[in-house]
Amino acid sequence: MIQSFVTRLFEYRHFWRYATFAEIAELYASRTLRIVGMNIASGFASVYLYQSGYSLIFILSFWLIYFTAKIGLSFIAGKLTASQGPKRGVFVSNLLYIPAMTMLGFVPILGLPAIIIWGALMALSECLYQISYYVDFSKLRNPDHSGKELGFMNVLEKVAIGMSPIVGGIIALLFSAQVLMWVAAGIFLVAAIPLFLSSKTGRVHQKLAFRGFPYRLAFRSFISQIGVGFDIVTTGHVWNLFIAIVIFSNLTHELYLTIGSLSSVTILAAIAISHAYGRLVDRRRGGELLRFSAVANAFVHASRPFASGAMPIVVTNVANEVATTGITMSYMRGLFDTADLSGHRVTYLTFIEAIANFGSAIACLVCLVCALILGDNDGLRSFFYVAAGFVLLVGTAHFRLYRK
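In this text the structure is predicted, and so the values were computed from the model without any measurement. (Residues numbered from 1 in each chain as written. Predicted model: local features only at pLDDT ≥ 70, side-chain atom pairs only at ≥ 80, totals over all residues. Heavy atoms only, no water.)

**Student:** I would appreciate a short explanation of the overall build of the protein chain in the present structure.
**Tutor:** If you tally the helices and strands in the protein chain, you get 16 helices and zero strands. For the protein chain, buried positions account for 57% of its 404 residues. For the protein chain, the share of sequence-separated contacts (at least 6 apart) that also reach a separation of at least 24 residues comes to 87%. Entry remark: accessible area of the protein chain is about 16,200 Å², with carbon and sulfur atoms responsible for 67%. (Helix = DSSP H or I, 4+ residues; strand = E, 2+ residues; numbered from the N terminus. Buried < 20%, exposed > 50% of the residue type's maximum accessible area, 1.4 Å probe, protein only. Contact = heavy atoms within 4.5 Å. Areas by Shrake-Rupley, 256 points an atom, 1.4 Å probe, with all protein chains shown as cover.)

**Student:** When you look at the confidence of the model for the protein chain in this model, what are you seeing that I'm missing?
**Tutor:** Low pLDDT marks stretches whose predicted atomic positions should not be read closely. Chain-level statistics for the protein chain give a pLDDT mean of 76 and a share of 63% at 70 or above. Mean pLDDT across the elements of the protein chain bottoms out in helix α1 (residues 2-13) (45) and peaks in helix α15 (residues 345-374) (94). A low-confidence stretch, residues 5-22 stays under pLDDT 50, and its non-local contacts, those more than four residues away or across chains, total 34 contacts. (pLDDT = per-residue confidence, 0-100.)

**Student:** Teacher, can you tell me more about the environment of Gly-236 here?
**Tutor:** Summarising the element assignment, Gly-236 is placed in helix α10 (residues 215-247). For Gly-236, a relative accessible area of 28% corresponds to the partly exposed category. A sequence separation of 190 residues divides Gly-236 from Ser-46, and the C-alpha atoms of the two residues are 9.2 Å apart.

**Student:** Would you mind going over the side chain of Asn-320 with me for this structure?
**Tutor:** In this structure, Asn-320 sits in helix α14 (residues 310-342). We classify Asn-320 as buried; its relative accessible area is 6%.

**Student:** Is there a simple way to think about unusual backbone geometry in this case?
**Tutor:** Of note, the phi angle at His-398 is positive, near 50 degrees, even though the residue is not glycine. Within the secondary structure, His-398 is located in the segment after α16 (376-390).

**Student:** Quick question: what am I supposed to make of α10 here?
**Tutor:** Note on helix geometry: an α-helix contains 3.6 residues per turn, so any two residues three or four positions apart are oriented the same way. Its 33 residues place the ends of α10 44 Å apart at the C-alpha level, agreeing with the 48 Å of an ideal helix rising 1.5 Å per residue. The principal kink in α10, of about 35 degrees, is found at Val-238. Among the 33 residues of α10, 24 are classified as buried, and the element is accordingly described as predominantly covered. (Expected span 1.5 Å × (residues − 1). Bend = angle between axes of the 7 residues up to and from the residue.)

**Student:** Would you mind showing me how to read the packing of α10 against α14 here?
**Tutor:** Two numbers describe a pair of packed helices, the interaxial angle and the distance between the axes. Running from N to C, α10 and α14 cross one another at 155 degrees; their axes reach a closest spacing of 11 Å. By the criterion of interaxial angle, the relationship of α10 to α14 is roughly antiparallel. Between α10 and α14 lies a crossing of left-handed hand. On α14, the residues touching Leu-217, Ser-221, Ser-224, Gln-225, Val-228, Thr-235, Trp-239, Ile-243 and Ile-247 of α10 are Ile-313, Thr-316, Asn-317, Asn-320, Tyr-331, Thr-338, Leu-341 and Ser-342. Across the contact of α10 with α14, the residue classes break down as eight nonpolar, nine polar and no charged. (Axes fitted to C-alpha atoms, helices over the stretch in contact; angles between N-to-C directions. Parallel < 35°, antiparallel > 145°, perpendicular 65-115°, else oblique. Left-handed = near helix turned anticlockwise from the far one by under 90°. Nonpolar A, V, L, I, M, F, W, Y, C, P; charged D, E, K, R; others polar.)

Spelled out as structure tokens, the structure:
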């Protein structure tokens, strides 16, 4: 049903010129389902561990080890994507996430072994998926209308993201958080079906090429990618922990529905601005949009410590969505253009994934140090001020596309 809907929508919008509508429908049907599966449960992972009795220090230490391991795993995933093709990479990634989420559901029973298995499988799955999806999308996009394509992609993703936390929160409230993780595992199985039915795999038997890689061309985007990785941890893991520990510390199962509901209201803001941002990007105004959005996002992070209830959380989430959407669309447009210019698409996108994980590891380390020195509540508050500075790195990319 999802694949049929996406096919008809693309036929109407005629965005793509390098792939058939069936290929695009397969890619987006799978991605939409994957996003639902990830956000129905993964967004609650840190809160789930906290409510399972694990301390903030343990959780931050886990994520530090996790993102550090992903730096090396990114290159393994890049080699697999190059040799087996991006579509196979996405397919295998979805399959790996099934036992990962199943293990997360067994954390209250098995304890640390379940956390280790979950983390290892999820790390490889996410690295493989991110690189494979970026490679596939960068090859299929229309260079003249990438802003429109990114805008449509953002709307489709935000619909899935906005819907899934509420669904996940209801499941956790009516049943349990463990059931929520197992439902997510089932969704990932369904997400693999469109790719399993496809006979096309894309180019295979390629290799990562480090010799002759244009490091000078890519250097500025590598530096800015550290800020991207830092922001991922800030917006995802730390913000949800802040809501759970500092703002709504007395809630139990209702916390999942509360966080899901407060996160989902941002969908309207994302949909409203995606098209406008897409037009700016296609008019070569992406560089200005990127810098402005990075500064706006820094202000959002600096304001997070002052959130004290439902309404401030909603306002913060909406402001963050407006800024993050501007960053994502302008940044990804420049990223894909640089991948084309480099002549080493898979190698470049592998570096990008590894450096994002490096930035995420730095964020975990900073937050861990803040918590150890200042305690849980004040440590989380102080971290957001550091994050406000780090996210400004995103605006330093200076993609060649925006210099024209």
